[in-house]
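# Observations on the three-dimensional arrangement
For reference, the chains in residue letters:
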Amino acid sequence: MQVKGGLRFILLSEIVFPFLLLILGVLLGLFQVLARAGILKTSHIFGIEYYQGLTLHGAINAIVFTTFVIVAFCNAIVMYSLQRSLKSGIQWVSWVLMVGGTLMAAFAMLTGRASVLYTFYPPLIAHWSFYLGVVLLVIGSLVPFFFDWIPNYLAWRRENPTTRMPLPVLGAFVTFTLWFLMIIPVAIEILFQLLPLSLGWVEEINPLLARTLFWFFGHPLVYFWLLPAYMMLYSILPKLVGGKLYSDPAARLAFMLFLLFSIPVGLHHQFTEGGLTAGWKLWHAFLTFMVAVPSFITAFTVAASMEYGARQQGGTGLFGWWKKLPYFSKQGDQWMFAYFISGLLLFLFGGITGIVNASYNMNLAVHNTSWVVGHFHTTVGGLVTLSFLAISLYMVSTLRGTEVKFKGFALYAPYLWLIGMLIFEVAMSIAGFYGFPRRSNTGLSYMDPTSIHHRPDWIIYSHISALGGVLAVVGFVAYMVSFLGTLFAKPVRESRVEFPIASAYHDNEVPLYSNMRPWLVGALVLIAISYPYPLYDSAVRGIVSKSPAYNERFPVPLKQMQMQTRAEAEQK
Ligand code: HAS
């Protein structure tokens, strides 16, 4: 489909704007891993303090980059699948809210007024502009769903009363229905707890209640990131390997199961919280295992799709067909395969470590250690990031009408990322068993071997993880060369919105798998069962604590802290 003018600008900038921020996010990741290993002997870089950098790293990479790319991708794929244009006016409103919100939050983080990490747990408190920025970003991201895609879909439905909802549209609708539902608890946390505290309107809030509301949102958030990647695996990947999606009903069932189980699982992030009743934690642990089921279905369907494609290309034998997959092909769009297969391999590790996290008693051994860091660098930092990088580069080339430039760089970048992240994951996981903490500038402890914080057994793993981090960043730089080359190349054809979408091998219609309503009702029932008591628990058992509200006259003493750590480091 041809795309021009304002709409083309919006789609393109929804990819380019977060990419520019991502460069900073990735560099700060490099700073973290080198500082944690004690290789970089400083607690600040470019004037950015360690925890300020950690906040920027998490917020940019996991919130801003993902949200923008998801909106851009879903905008484009809904438009392409329904063959109906988007409404410029609506898209501008969304764009202004998202960009404006991001700039507000970025201002707070870059000026040291919001070093609260991406989970913004109280009693850490940020400048109000951080919270308001997050709210605007989120509202902006929902605008296309309610005011563009749904009306477009209803119009399409009137014209095509008997056709099944296209699979990518179903994926986008499930993703954004989940997004809308999960926003409600975190909106309550921000609007009724954090913003009033930040503005100095109240003096104390209940941090346990805040954390419970946060994880009510925080775990489904990971499926907001994952489902667009699954949309790509189901619709684009089979086409790249010259085959078909193995089963359309299986893909639809997977999306519906995510709708059902993604939300009522948040207590698995709070197994160690004293104020919550154990039985409810166990119930959430059980539902967490249920939410792994659609990923198992996906593993099977994607592997079967790849096998079907490889056999069409002459692959034979039980394992021989693996050789026929286009790992290093530069033909057409096949370079994207490298991103998907690398992401899938990383997600095997992400899935296994996730199941360990979810296992109530094993979680006690790994919680708050670097194990968890390994887990999320193979999930959101693995499959999600790699598929989002692939689709970003692909969309830049089709929207600008240019060829993908420096394809060799684009092709090898994900493999470098894969090797780097695997090294990083394994080192962080093992170190976790030795108690290597997350979210700590452990590098400082290496400066003084006589200190009780000095742990020589962590050093080797932190150095190995630094090697992994460096390799992944080299991969990102290779990607950047191709991305910028493609962005600034001379157009050779008209701007288009299009995707290589595969047809399905098993394509029988199962009406229940295309109808979101019963699954949505099921999800609401599960939420209604799973959350009232933990929220009640948090409200009555959480200790209400005083926290210095953020205001300009009495800021979190960040500058003072920076000067102190700098002086201490220099003394040593
Ligand atoms: Fe998680 C913590 C449990 C999935 C992200 N998770 C986190 C955090 C993040 C995160 C960011 O139960 C840290 C939050 C913080 O800051 O505190 N997670 C799970 C479980 C799953 C899971 C059970 N997580 C994800 C995904 C994420 C993500 C997806 C991002 C996108 N996670 C937890 C728990 C914690 C946690 C606890 C709290 C830990 C703590 O104590 O703090 C499941 O959904 C995973 C299911 C996945 C599978 C894998 C299927 C495999 C596939 C690949 C197939 C490969 C093929 C290729 C076909 C069952 C689809 C084969 C090729 C060959 C050559 C063989």
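Residues numbered from 1 in each chain as written. Predicted model: local features only at pLDDT ≥ 70, side-chain atom pairs only at ≥ 80, totals over all residues. Heavy atoms only, no water.

### Let's talk about the overall build of the protein chain
Rules: For the purposes of this entry, the term helix denotes a DSSP run of H or I that reaches at least four residues, the term strand denotes a run of E that reaches at least two, and both are numbered from the N terminus. Under the scheme applied here, a residue whose accessible area is under 20% of the maximum for its type counts as buried, over 50% as exposed, and between as partly exposed, the area being computed with a 1.4 Å probe on protein chains only. Should any heavy atoms of two residues lie within 4.5 Å, those residues are considered in contact. With residues, only the protein chains shown are counted as cover, and all accessible areas are computed by Shrake-Rupley using a 1.4 Å probe. Note that His is not counted, nor are the chain ends; the positive residues are Lys and Arg, and the negative ones are Asp and Glu. A charged residue contributes its charge at one atom only: NZ of Lys, CZ of Arg, CG of Asp or CD of Glu.
Of the regular secondary structure elements, the protein chain holds 19 helices and six strands. Taken over the C-alpha atoms alone, the protein chain extends approximately 65 × 50 × 45 Å along its principal axes. In the protein chain, buried positions account for 60% of the 572 residues. Across the protein chain, the fraction of contacts at a sequence separation of at least 24, relative to all contacts at a separation of at least 6, is 84%. Total accessible area on the protein chain is roughly 22400 Å²; 69% of this is exposed by carbon and sulfur atoms. With 35 positive and 23 negative side-chain charges, the protein chain shows a separation of 7 Å between the mean positions of the two kinds.

### Observations regarding the site of the ligand
This is how it is decided: In this text, near means that some heavy atom of the residue lies within 4 Å of the molecule or strand in question. Polar contact is the term for a pair of N or O atoms within 3.5 Å; when the atoms are in protein, one must be able to donate a hydrogen and the other to accept it, and sequence-neighboring residues count only if both atoms are side-chain atoms. Side-chain classes follow a simple rule in which Ala, Val, Leu, Ile, Met, Phe, Trp, Tyr, Cys and Pro form the nonpolar group, Asp, Glu, Lys and Arg form the charged group, and the remainder, Gly included, forms the polar group.
Neighbouring the ligand are 33 residues, the closest being Tyr118, Tyr223, Asn363, His367 and His375. Within the side chain of His375, one N or O atom sits 3.0 Å away from a nitrogen atom of the ligand. If you tally residues by element for the shell around the ligand, the top one is helix H10 (residues 335–358), at eight residues. In the shell around the ligand, the residues fall into 19 nonpolar, twelve polar and two charged.

### A short note on the nonpolar core
Applicable threshold: What makes a nonpolar core is a set of buried Ala, Val, Leu, Ile, Met, Phe, Trp, Tyr and Cys residues whose side-chain atoms join them at distances within 4.5 Å.
Ranked by size, the top nonpolar core spans 183 residues in total, and within it Phe130, Phe176, Trp179, Tyr230, Tyr339, Met395 and Phe499 carry the most contacts. For this core, the leading source of residues is helix H2 (residues 50–82), giving 21 residues.

### Things to note about helix H3 (residues 88–110)
Spelled out, the test is: One fewer than the residue count of a helix, multiplied by 1.5 Å, yields its expected span.
Over its 23 residues, H3 extends 32 Å from the first C-alpha to the last, a length consistent with the 33 Å expected when each residue adds 1.5 Å. Among the residues of H3, those classed as buried are Gln91, Ser94, Trp95, Met98, Val99, Gly101, Thr102, Ala105, Ala106, Ala108 and Met109. Along its buried surface, H3 packs onto helix H1 (5–36), H2 and helix H4 (128–159). Positive backbone phi, at 75 degrees, marks Gly112, one or two positions downstream of H3.

### A few points about unusual backbone geometry
Omega for the peptide link from Pro122 to Pro123 comes to 15 degrees, which places this bond in the cis form. Of note in this structure, Asn368 is not a glycine but carries a positive phi near 60 degrees. Looking at the secondary structure, you find Asn368 in the loop between helix H11 (360–366) and helix H12 (370–400).

### Observations concerning helix H9 (residues 278–312)
For H9, with 35 residues, the first-to-last C-alpha span of 52 Å sits near the 51 Å given by 1.5 Å per residue. Immediately beyond the C-terminal end of H9, within one or two residues, lies Gly314, with a positive phi of roughly 100 degrees.

### Structural notes on the coordination of the iron atom of the ligand
Note the threshold: Any N, O or S atom lying within 2.8 Å of the metal counts as a donor, and for Na, K and Ca the limit rises to 3.2 Å; water is left out, so some sites can look incomplete.
In this structure the iron atom of the ligand is ligated by exactly one protein donor, His375 (NE2), at 2.2 Å. Tracing the backbone shows His375 in helix H12.

### What to know about the packing of helix H6 (residues 207–235) against H10
Put simply, the rule is: Lines fitted to C-alpha atoms define the axes here, with helix axes fitted over just the stretch in contact, and angles between the N-to-C directions of these axes take values from 0 to 180 degrees. Our angle categories are set so that under 35 degrees counts as roughly parallel, over 145 as roughly antiparallel, 65 to 115 as roughly perpendicular, and the remainder as oblique. By definition, turning the near helix anticlockwise from the far helix through less than a right angle yields a left-handed crossing, and turning it clockwise yields a right-handed one.
As a packed pair, H6 and H10 sit with axes 11 Å apart at the nearest point and diverge in direction by 130 degrees. When the interaxial angle is binned, H6 and H10 end up oblique. Handedness of the H6/H10 crossing: left-handed. Facing H6, whose interface residues are Leu226, Tyr230, Met232 and Leu233, H10 presents Phe340, Leu344 and Phe347.

### Thoughts on the side chain of His219
Structurally, His219 is set in helix H6. Polar side-chain contacts of His219 include one of 3.0 Å to the side chain of Tyr223.

### Comments concerning the side chain of Arg438
Keep this limit in mind: The salt bridge definition used is simple: a Lys or Arg side-chain nitrogen within 4 Å of an Asp or Glu carboxyl oxygen.
Topologically, Arg438 is positioned in the loop between helix H13 (407–433) and helix H14 (443–446). Despite its burial, Arg438 remains without a salt bridge, the nearest opposite charge being carried by Glu273 at 11 Å. Not counting residues up to four positions away in its chain, the partners in contact with Arg438 are Arg36, Asn368, Thr369, Ser370, Val372, Val373 and Phe376.

### As for the packing of aromatic side chains
Formally: Each pair of aromatic rings taken from Phe, Tyr and Trp, with Trp reduced to its six-membered ring, is defined by centres within 6.5 Å and is described as stacked if the planes are under 30 degrees apart, edge-to-face if over 60, and tilted in the remaining cases.
Tallying each qualifying case throughout the model produces 56 aromatic pairs. For the ring pair Phe214 and Phe217, a centre distance of 5.7 Å and an interplane angle of 75 degrees mean the geometry is edge-to-face. Placement of both Phe214 and Phe217 in helix H6 is noted, with a separation of three residues, approximately one turn of the helix. For Phe217, a relative accessible area of 7% gives the class buried.

### Quick look at the packing of H6 against H12
Following both chains from N to C, one finds H6 and H12 inclined at 55 degrees, their axes separated by 9 Å at the closest point. Viewed along their axes, H6 and H12 adopt a mutual orientation that is oblique. At the point where H6 passes H12, the crossing takes the left-handed sense. Residues Trp225, Leu226, Pro228, Ala229, Tyr230, Met232 and Leu233 of H6 touch H12, and the partners they reach there are Val380, Leu383, Val384, Ser387, Phe388 and Ile391. Of the residues belonging to the contact of H6 with H12, the class tally is twelve nonpolar, one polar and no charged.

### Focus on the pattern of salt bridges
Scanning the entire structure with this criterion turns up twelve salt bridges. Of the charged contacts, one joins Arg164 and Asp507 as a salt bridge, the two residues approaching to 3.2 Å between their closest N and O atoms. Of the two residues, Arg164 sits in the loop between H4 and helix H5 (167–198) while Asp507 sits in the loop between strand E5 (504–506) and helix H16 (511–514), which places them 343 residues apart along the sequence. Judged by its relative accessible area of 39%, Asp507 falls in the partly exposed class. Measuring nitrogen to oxygen at the nearest pair gives 2.9 Å for the salt bridge that ties Arg496 to Glu498.

### Details of the environment of Thr288
Its place among the elements puts Thr288 in helix H9. One polar contact links Thr288 to His268, side chain to side chain, over a distance of 2.8 Å.

### Some words on the environment of Pro161
Locating Pro161 in the fold gives a position in the loop between H4 and H5. Taking relative accessible area as the criterion, Pro161 reaches 60% and is therefore assigned exposed. Measuring from C-alpha to C-alpha, the distance between Pro161 and Ser342 comes to 40 Å, with 181 residues separating the pair along the chain.

### Examining a nonpolar patch on the surface
For clarity, the cut-off: Without a salt bridge and with relative accessible area above 30%, a residue can belong to a patch; like charges are then joined within 9 Å and nonpolar side chains (Val, Leu, Ile, Met, Phe, Trp, Tyr) within 5 Å.
Among the surface-exposed residues, Phe146, Phe147, Phe180, Ile184, Ile188, Leu191 and Phe192 lie close enough to one another that they form a single nonpolar patch of about 680 Å² accessible area. Taken together, the elements giving at least two residues each to the nonpolar patch come down to H4 and H5. Inspection of the secondary structure puts Leu191 in helix H5.

### Let's talk about the confidence of the model for the protein chain
Our working rule: Per residue, pLDDT captures the predictor's confidence, and it can take any value from 0 to 100.
On average, residues of the protein chain score 93 in pLDDT, and 95% of them are at 70 or above. Below a pLDDT of 50 lies the segment residues 553–557, which in the model reaches five contacts outside its immediate sequence neighbourhood of four places, other chains included.

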